[in-house]
Amino acid sequence: MQGTLNFNVGVLGHIDSGKTSLTKALSTVASTASFDKNPQSRERGITLDLGFSSFTVDIPEHLRQHGSYDKLQFTLVDCPGHASLIRTIIGGAQIIDLMMLVVDVTKGIQTQTAECLLLGEITCEKMVVVLNKIDLLPEDKRQSAIEKMSKKFQKTLEATRFHDAPIIPVAAKPGGPEAQGKEAEGMVKLIDILKACTYKPQRVETGPFIFAVDHCFSIRGQGTVMTGTVLSGRVVVNDTVEIPSMKMTKKVKAMQMFRQPVEKAIQGDRVGICVTQFDPKLLERGLVSSVGVLPTITAAIISVQKIKYFKGPVATKSKFHITMGHETVMGKVSFFGQKRDGVEDTSGAENNFNLGEEYIYQEELHIGKSVNESKNDNSEVVANKPVRQYALIMLEKPVTCAPHCLVIGSKLDTDIHANVCRLSFHGHLLLPVTDPKYPETLLPNLKVYKIKQKEGLVERIADDYSVIGKSLFKKESNIQLFVGLKVKLSTGEDGVIEGGFGQSGKFKMVCFKVRNKNCLQVVKRKERLLQKKQVRNQMVEKNQ
Ligand SMILES: Nc1nc2c(ncn2[C@@H]2O[C@H](COP(=O)(O)OP(=O)(O)OP(=O)(O)O)[C@@H](O)[C@H]2O)c(=O)[nH]1
């Protein structure tokens, strides 16, 4: 049987770049919430909420091989551009397969252009850059101005993973607000490019049904309709679904996809689900699922990466806005990384986190590099493989979220005119904590250690394998407790404490390199130490 593949395209960009105009120019079907239908949006002339609309084309050749589709439906998610609406933008960005980044060609890259580009890097596979309002460029200089802007943008894209993203000039609404009846320019080319950029997105029917609701309204005599995107699994008419935020289950009475009744919806589909009546005001946004699959969390362990454009420190014990799905709450973060045994986790598998392991506490989050590297101590750098860092987040309000959902940390209280990146870190939920009071169930099992450093002195070399040290412990310390602890000599050798030496807090330390029969190193070290001693003696003599 042939069918329609739904492909979600986010339309993002700086305020007034022309996102809604572009969405209108492309769409043939509008949903209940599209094109700034919200009365306040109309009054203020800006998009306040996510708008959904669609257009359908024949399935491109490269997707035909996947078999069961003959049509490709592009669902356009028109996101607001105003900086204060970033929560809505983040929510929208999480459900898209491709981002159309709309840029006002007369203005170039603006603050929210950069923020949206960053969100694209975090959330989606592909990007198409649309240079809009080309009609505003003087006709005789239009071509060269477009080329100049394209080159500039290309340079920006080179620093991202979208270095081969197409850049398309268009005029979504030539002549601006006053012009009537003028046709949009560049749409045919843009649709061709969008088709070429499609890929077979993950659409599986297995696993729990999870649905991100973005609008909710009631239809008299029929029930309440929740519109949204299926994040995972599938839903069929007559299924029972749960609305965790309302602690309620409901039966699916009917479903529609862009006004067409359907019996089933699967991952990636945009659908309206009609259930028995409830007050739609109680669920404007949120998640709906199969019964019992969504945790409502008070804290969590997440994998985490710092966003390199965020200027300030991302420090343990500070508070950030934490966005999961369409919800944003305040949360306090504590960072940890590198396993205590010194083996750095560069596997790339972020869900390698294991509650049984021992981890090292971090004062702050580092930019995708090892903890040691950032301390500048010449440790070996693991090329291109960021060492995994984790965070424990304590949320100020409980949040219902999807397992393994994307988590974005930001400083949304930053002045929106400050021209700085507000997005601070991102990661995925690894371990939800559902204890409503406090994550007591988790904390005793979480083994995070602080590294403490102390300096002592080498008193003398005992033999080819070991040295005697002092000034590290007090006379009364039980050195037995520190046996096996790592010690680093200022001459570069690593070693471990073997035990106490005598009664005065001195200790014996064994060097690894010596153990490895690297005697030359020891000899050299001995020579160096001797030379140093001689130099010191000379100085002492001089001073006398
Ligand atoms: N001259 C010209 N004006 C345009 C074009 N596209 C959009 N505009 C105008 O730019 C203004 C903003 O357009 P919108 O489509 O509302 O922009 P937006 O990016 O959706 O706005 P927000 O969602 O509020 O950020 C409107 O006055 C449009 O008429 C274009 O191609 N040419």
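Residues numbered from 1 in each chain as written. Predicted model: local features only at pLDDT ≥ 70, side-chain atom pairs only at ≥ 80, totals over all residues. Heavy atoms only, no water.

- As annotated in an unreviewed UniProt entry, the chain carries the name Selenocysteine-specific elongation factor and is attributed to Lingula anatina.
- Checking UniProt for the chain, the heading Catalytic activity (unreviewed entry) contains the comment "GTP + H2O = GDP + phosphate + H(+)". (UniProt positions renumbered as here; feature names shortened; annotations may be inferred.)

Comments concerning the overall build of the chain
Stage number 1. Within the chain, the secondary structure is distributed over ten helices and 29 strands.
Stage number 2. Here the chain, with 544 residues, has 49% of them falling under the buried criterion.
Stage number 3. In the chain, of all internal contacts separated by at least 6 residues, the share reaching a separation of at least 24 is 69%.
Stage number 4. Just so you have it, the chain exposes about 27,800 Å², and 50% of that area is on carbon and sulfur atoms. (Helix = DSSP H or I, 4+ residues; strand = E, 2+ residues; numbered from the N terminus. Buried < 20%, exposed > 50% of the residue type's maximum accessible area, 1.4 Å probe, protein only. Contact = heavy atoms within 4.5 Å. Areas by Shrake-Rupley, 256 points an atom, 1.4 Å probe, with all protein chains shown as cover.)

Some details on helix α5 (residues 111-123)
Stage number 1. Under the 1.5 Å per step criterion, the end-to-end length of α5 is 18 Å for 13 residues, consistent within 8% with the ideal 18 Å.
Stage number 2. The element α5 is largely enclosed, with a buried count of ten among its 13 residues.
Stage number 3. All of the buried residues in α5 are Gln 112, Thr 113, Glu 115, Cys 116, Leu 117, Leu 118, Leu 119, Gly 120, Ile 122 and Thr 123. (Expected span 1.5 Å × (residues − 1).)

Overview of the state of the cysteines
Stage number 1. Overall, the coordinates contain zero disulfides when judged by the stated rule.
Stage number 2. With no disulfide of its own, Cys 421 lies closest to Cys 116 among cysteine sulfurs, the gap being 11 Å.
Stage number 3. Of the residues examined, Cys 421 reaches a relative accessible area of 17% and is grouped as buried. (Disulfide = S-S within 2.5 Å.)

Describing the sheet that holds strand β29 (residues 506-511)
Stage number 1. Strands sit in the order β25-β26-β29-β28-β27 across an open sheet of five strands; the sheet is antiparallel. Every interior strand has two partners, whereas the edge strands, β25 (457-461) and β27 (486-488), have only one. Averaged over neighbouring strand pairs, the angle between their axes works out to 45° when direction is ignored.
Stage number 2. Two strands pair when backbone bridges link them, and β25 and strand β26 (residues 466-470) are joined in this way by four bridges, in the antiparallel orientation. From the neighbouring strand, Arg 460 faces β26, where its bridge partner is Ile 468. (Pairing = 2+ DSSP bridges. Axes fitted to C-alpha atoms, helices over the stretch in contact; angles between N-to-C directions.)

Re the pairing of β29
Stage number 1. Bridge count between β26 and β29: four bridges; the pairing is antiparallel. Bridge pairing in β29 links Ile 468 to Lys 508.
Stage number 2. Here strand β28 (residues 494-501) runs beside β29; their pairing, made up of six bridges, is antiparallel. Bridge pairing in β29 links Ile 497 to Met 509.
Stage number 3. In this structure, the hairpin formed by β28 and β29 is closed by a connection of four residues, where Gly 502 is found at a positive phi of approximately 75°.

Details of the pattern of salt bridges
Stage number 1. On inspection of all chains with the given rule, the structure shows eleven salt bridges.
Stage number 2. Here Glu 459 ties to Arg 460 by a salt bridge, and the two come within 3.8 Å at their closest N and O atoms.
Stage number 3. A salt bridge links Glu 459 to Lys 506, with the nearest nitrogen and oxygen atoms 2.8 Å apart. Taken together, the residues span a long stretch of sequence, with Glu 459 in strand β25 and Lys 506 in strand β29 at a distance of 47 residues.
Stage number 4. Residue Glu 459 is classed as partly exposed on the basis of its relative accessible area of 32%.
Stage number 5. The class for Lys 506 is partly exposed, based on a relative accessible area of 22%. (Salt bridge = Lys/Arg side-chain N within 4 Å of Asp/Glu carboxyl O.)

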